[in-house]
Amino acid sequence: MSAGTFTPNPGAAPVSRMILAQTALETRMLLRNGEQLLLTVIIPALLLTLFSAVDIVETGSEKSVDFLAPGILALAVMSTAFTGQAIATGFDRRYGVLKRLGASPLPRWALMAAKTLSVLVTEVLQIALLTAIAFALGWSPHGNPLSVAALVLLGTAAFSGLGLLMAGTLKAEMTLAAANLVFLLLLIGGGVIVPLDKFPDALQSVLGLLPISALSDGLREVLQHGAALPWGDAAVLAAWAAVGLGAAARWFRWE
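All of these numbers come straight from a predicted model, not from anything done at the bench. (Residues numbered from 1 in each chain as written. Predicted model: local features only at pLDDT ≥ 70, side-chain atom pairs only at ≥ 80, totals over all residues. Heavy atoms only, no water.)

## Some points on the side chain of serine 118
Part 1 of the argument: Within the secondary structure layout, serine 118 lies in helix α5 (residues 108–136).
Part 2 of the argument: We classify serine 118 as buried; its relative accessible area is 4%.
Part 3 of the argument: Setting aside its immediate chain neighbours within four residues, serine 118 contacts Thr23, Glu26 and Thr27. (Helix = DSSP H or I, 4+ residues; strand = E, 2+ residues; numbered from the N terminus. Buried < 20%, exposed > 50% of the residue type's maximum accessible area, 1.4 Å probe, protein only. Contact = heavy atoms within 4.5 Å.)

This is the structure:
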């Protein structure tokens, strides 16, 4: 055995390996958090089951689940990419976790990339669960899966930017209150459960520009009506993504 066999070779791991390790950690922390699990998984599943089984809202479709499933999928994306990420990142910032990680070999951009990948992993699990529930309720989706994936990615980018902007500029307690309030308001007025045509005409044009409205309407066009990629809704999501991510990159505070 040579003398140099046990010579240490210090140095940072490749960035890709650090991102994957941080992604796994972020995903485990998210799934272990009872409050976030309630928000991201249980509430959308309960809403889908309840409103599909009971005709509380007139959706105008042959089966309520055909209208509700795309909206609930959009809600799941918002709950993870916006509400859950904003709250978790806000408290990470308050307790100094972001500051410490920012001083580690993991680059700050890589930390944000890991958080984004964690959101996508969680969304895959959410969509798989909600799709299984919707199929059990008699859902009959149509359309191109690639169009669905494009809308989900655009929606994730839009909501992630807004969530990071909120978490990086407000205090953690304010982020907690504001993120949950926005979640509730967009659930009611974003076309998730109540069709936008149930609102006054003057309000419909405003609500239609919200990211949750664009995502739920776009998914509904594809999955319920079999349309190709709805470019208008995609453009709204892309605009929100550009504004949110750009503002977060400009004003996010690590301390």
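Next comes the rest of the description.
## Comments concerning the packing of helix α3 (residues 64–94) against helix α7 (residues 172–189)
Part 1 of the argument: The contact between α3 and α7 brings their axes to 8 Å, and the two run at 170°. On the basis of the axis angle, α3 is roughly antiparallel to α7. Judged by residue contacts, Leu75, Met78, Ser79, Phe82, Thr83, Ala86, Ile87, Gly90, Phe91 and Arg94 of α3 engage Ala172, Glu173, Thr175, Leu176, Ala179, Asn180, Val182, Phe183, Leu186 and Leu187 from α7.
Part 2 of the argument: Here the contact of α3 with α7 is composed, by residue class, of 13 nonpolar, five polar and two charged. (Axes fitted to C-alpha atoms, helices over the stretch in contact; angles between N-to-C directions. Parallel < 35°, antiparallel > 145°, perpendicular 65-115°, else oblique. Nonpolar A, V, L, I, M, F, W, Y, C, P; charged D, E, K, R; others polar.)

## Observations regarding the nonpolar core
Part 1 of the argument: Leu48, Leu75, Met78, Leu151, Phe159, Leu215 and Leu219 are the most contacted members of the largest nonpolar core, which has 48 residues in total.
Part 2 of the argument: If you list the elements that add at least two residues to this core, you get α2 (34–53), α3, α5, α6 (145–169), α7, α9 (211–223) and α10 (231–251).
Part 3 of the argument: Sort the elements by how many residues they give to this core and α3 lands first, with 16 residues.
Part 4 of the argument: With near-sequence residues (within four places) excluded, leucine 48 lies in contact with Val65, Leu68, Ala69, Ile72, Leu130, Ile133, Ala134 and Leu137.
Part 5 of the argument: Counting residues in hydrophobic clusters, the runner-up holds twelve residues, among them Leu106, Met112, Leu164 and Phe252. (Core = buried A, V, L, I, M, F, W, Y, C linked by side-chain atoms within 4.5 Å.)

## Digging into the pattern of salt bridges
Part 1 of the argument: Going through the model one piece at a time under the given rule, you end up with three salt bridges.
Part 2 of the argument: As a salt-bridge pair, aspartate 92 and lysine 115 come within 3.4 Å of each other at their nearest N and O atoms. Here aspartate 92 is found in helix α3, whereas its partner lysine 115 is found in helix α5, with 23 residues between them in sequence.
Part 3 of the argument: Lysine 115 sits in the buried class, given a relative accessible area of 5%.
Part 4 of the argument: Residues joined by salt bridges that share partners form a network here, namely Glu26, Asp92 and Lys115. (Salt bridge = Lys/Arg side-chain N within 4 Å of Asp/Glu carboxyl O.)

## Focus: α5
Part 1 of the argument: Its 29 residues give α5 an end-to-end C-alpha distance of 43 Å, which sits within 8% of 42 Å, the value for a rise of 1.5 Å per residue.
Part 2 of the argument: Within two residues after α5, glycine 138 carries a phi angle of roughly 100°, on the positive side. (Expected span 1.5 Å × (residues − 1).)

## Concerning the packing of aromatic side chains
Part 1 of the argument: Scanning all chains against the criterion turns up two aromatic pairs.
Part 2 of the argument: Judged by centre distance (6.1 Å) and plane angle (35°), the rings of phenylalanine 91 and tyrosine 95 are tilted.
Part 3 of the argument: Looking at tyrosine 95, the relative accessible area reads 54%, which means it is exposed.
Part 4 of the argument: Relative to tryptophan 139, the ring of phenylalanine 135 has its centre 5.7 Å away and its plane inclined at 35°; by these criteria the two rings are tilted.
Part 5 of the argument: Its relative accessible area of 7% is what places tryptophan 139 among the buried residues. (Phe/Tyr/Trp six-rings, centres within 6.5 Å; stacked < 30°, edge-to-face > 60°.)

## Quick look at a nonpolar patch on the surface
Part 1 of the argument: Where nonpolar side chains cluster on the molecular surface, the patch consists of Leu31, Val121 and Leu125 and spans about 230 Å² of accessible area.
Part 2 of the argument: Summarising the element assignment, valine 121 is placed in helix α5. (Patch = residues over 30% accessible without salt bridge, like charges linked within 9 Å, V, L, I, M, F, W, Y side chains within 5 Å. Areas by Shrake-Rupley, 256 points an atom, 1.4 Å probe, with all protein chains shown as cover.)

## Considering the packing of α5 against α6
Part 1 of the argument: Where α5 contacts α6, the axes come no closer than 11 Å and their chain directions differ by 130°. In this view, α5 runs oblique relative to α6, as classed from their interaxial angle. In this structure, α5 meets α6 at a crossing whose hand is right-handed. Facing α5, whose interface residues are Met112, Val119, Leu120, Glu123 and Ile127, α6 presents Val152, Leu153, Thr156 and Leu164.
Part 2 of the argument: Of the residues in the contact of α5 with α6, the class split is seven nonpolar, one polar and one charged. (Left-handed = near helix turned anticlockwise from the far one by under 90°.)

## Thoughts on the environment of proline 14
Part 1 of the argument: Checked against the element boundaries, proline 14 lands in the segment before α1 (15–32).
Part 2 of the argument: Assessed through its relative accessible area of 41%, proline 14 is described here as partly exposed.
Part 3 of the argument: Distance in space between the C-alpha atoms of proline 14 and leucine 187 is 41 Å, their sequence separation being 173 residues.

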